[in-house]
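Chains, contacts and geometry: an overview
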Amino acid sequence: MTLKQLAASLGLSPTTVSRALNGFPEVNAATRKRVQDAAERANYRPNTRAKSLATGRSMAIGHVIPVSTSHEIVNPVFADFIAGAGETYSRAGYEMLMRVVPDADEAQAYRDLIARGAVDGIMVHGPRLKDARVDLLAELGIPFMIHGRTSQIERPYSWLDINNQRSFRRATQFLIDFGHRRIALVNGLEDLDFATRRRRGYLDGLESAGITPDPALMRQAEMTEPYGYRALMDMMRLPEPPTAFLSSSMIVAYGLRRGLSDLGLKLGRDVSIITHDDDLSYLPNDGDVPMFTATKSSVREAGRRAARMLLRLVEDPQCGPLTDLMEAALMVGASTGPAPR
C-alpha cells in the first residue's frame, strides 16, 4: 500500500497522513491514532528509498557512542531510550544509524556522517556540564537533539530532560519527613549534567531542613551494582552511618540492597532507600507494593518524545530550539520507612 492509497482509504490528504505518521503536533491525537492504527492494519511501511529521492534526505538519524561509554549499549536505560526512539523513527520511515567509536574519534565521526550525507539529524547522549558537541554540531549545521542538558553552554540548543533537581529534592524531603537526618547520596559521575543536577536537588533538600551536608555521605562513580554494594558497605562502617540512601540508578539500588542483606539489615526498616528507576522495562519496579520507593520516569517515552522533536527539526530546522522538561513521579514502595531510633 502506498501513502496515497492509505490516505484515500481514510478520506484524508496524503500530507495529513504523512504528518500523522511523523508525529507532528498540529495533527490532533484522534486523527493521529486513526492513521497509525490503519497503517498498522495495512502493514504500511514508507518507501524509504523513494522518500529519500523525493526529499534529498538520507532518511536516517545518527547516534554516536564513544567506546569508553559503550557499556551503555547494554545498559537498560540506553536500551529503553533507543527502543522508544526507534519506534518513532520507524513510523516516520527513518532508519537509525549507530556508530561506536573511540573517545578521541567522536568529533570526527560526526563530521564524517554529515560530510557523507549519511544522516539527517543527530541524537546526542550523556551530555556533560560543558559539552563541546553543542558548538560542534551547531557549526556543522545539522539538526540535533540532546537527551539531557548541558549547564555551561550559552548557545541555544534543543533538548529533552527530566527535572532531576526537583526530583531529588523531593526524594530528600520525603526521607527527612520520615525523620532521617543521615541521608547518603550514591550518585553517577558528576561531570555528567544529570548527576550534578541530582546532587543540587539533594543539597537543596538538606538545606531546607537545616541539615549540614556531610561529604562522607556522598559518592560518585559509574552506576553499577558493585559500586552500590561498595558504597553501602563503606558508609555503614562510619561512626555515624546513614539511615537512608538516595540512589541515582535502579542498578545501583540493587547493589545497596545486596549490601544490606549481607549485613543482616532489613530494607525499609533498618535502612531506607529511594532510587531513580527510569521506569525500566528490563528491571520492573511494580506490583501491589513496589520493591523500591522511586522517582519514576519512563525513559522509553523520553526516547519517543525526543525522536519526535528531532524529526520536527529535520522537517523544519527553523522551528527550534525545542525543549521539553519531563517531571518524575515519586512512587512509594517497600524500601522506605521511619528513621530507626
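The paragraphs below set out a description of the structure included in this document. Predicted, not measured: the structure shown is a model, and the values here were computed from it. (Residues numbered from 1 in each chain as written. Predicted model: local features only at pLDDT ≥ 70, side-chain atom pairs only at ≥ 80, totals over all residues. Heavy atoms only, no water.)

1. Some thoughts on the packing of aromatic side chains
Quick reminder of the rule: Pairs were defined over the aromatic rings of Phe, Tyr and Trp, the Trp ring being its six-membered one, requiring ring centres within 6.5 Å. Orientation was assigned from the angle between planes: stacked under 30 degrees, edge-to-face over 60, tilted for the rest. Each helix corresponds to a stretch of at least 4 residues labelled H or I by DSSP, and each strand to a stretch of at least 2 residues labelled E; elements are numbered beginning at the N terminus.
The full count for this structure, using the stated rule, is 2 aromatic pairs. Ring geometry for Phe-174 and Phe-178: centres 5.3 Å apart, planes at 90°, overall edge-to-face. Seen in terms of ring centroids, Tyr-254 and Phe-292 are 5.9 Å apart; in terms of plane orientation they differ by 80°. Their pairing is edge-to-face. Placement of the pair is Tyr-254 in helix α11 (residues 250–262) and Phe-292 in the loop between β9 (272–276) and β10 (293–296), with a sequence separation of 38 residues.

2. Topic: the side chain of Asp-161
Under the convention used in this document: For each residue, the accessible area found with a 1.4 Å probe, counting protein chains only, is set against the maximum for its type, and the residue is called buried under 20%, exposed over 50%, and partly exposed in between. Pairs of residues are marked as contacts when any of their non-hydrogen atoms sit within 4.5 Å.
Positionally, Asp-161 belongs in strand β5 (residues 159–162). Exposure remark for Asp-161: the relative accessible area of 7% places this residue in the buried category. Sequence-distant contacts of Asp-161, defined by excluding residues within four places in its chain, comprise Gly-148, Arg-149, Arg-197, Asp-324, Leu-325 and Met-326.

3. Side note on the pairing of strand β6 (residues 183–187)
Looking down a regular strand, the side chains alternate between one sheet face and the other. We apply this condition: Two strands are counted as paired when DSSP detects at least two bridges linking them. When the strands point away from the viewer, a crossover counts as right-handed if the path from the first strand over the helix to the second runs clockwise.
Taking burial as the measure, the 5 residues of β6 include 5 buried ones, the bulk of the element. Burial along β6 is two-sided: Ile-183, Leu-185 and Asn-187 facing one way and Ala-184 and Val-186 facing the other are all buried. Sheet topology note: the β6/strand β7 (residues 218–220) ladder contains 3 bridges and is parallel. Pairing of Leu-185 across the sheet is with Met-218, part of β7. After leaving β6, the chain enters helix α9 (residues 193–208) and then returns to the sheet as β7, a path that is right-handed.

4. Details of the sheet that holds strand β8 (residues 244–247)
In plain terms, the rule: To obtain each axis, a line is fitted to C-alpha atoms, and for helices this fit is confined to the stretch in contact; angles are then taken between N-to-C directions over 0 to 180 degrees.
Read from one edge to the other, the open sheet built from 6 strands follows the order β7-β6-β8-β9-β10-β12, with strand pairing classed as mixed. Edge strands, defined here as strands with exactly one partner in the open sheet, are β7 and β12 (329–331). Going from strand to strand, the sheet's axes swing by 15° on average, the running direction of each strand aside. For β10 and β12, the ladder comprises 3 bridges, and the chain directions are antiparallel. Bridge assignment links Ala-294 to a residue of β12, and that residue is Met-331.

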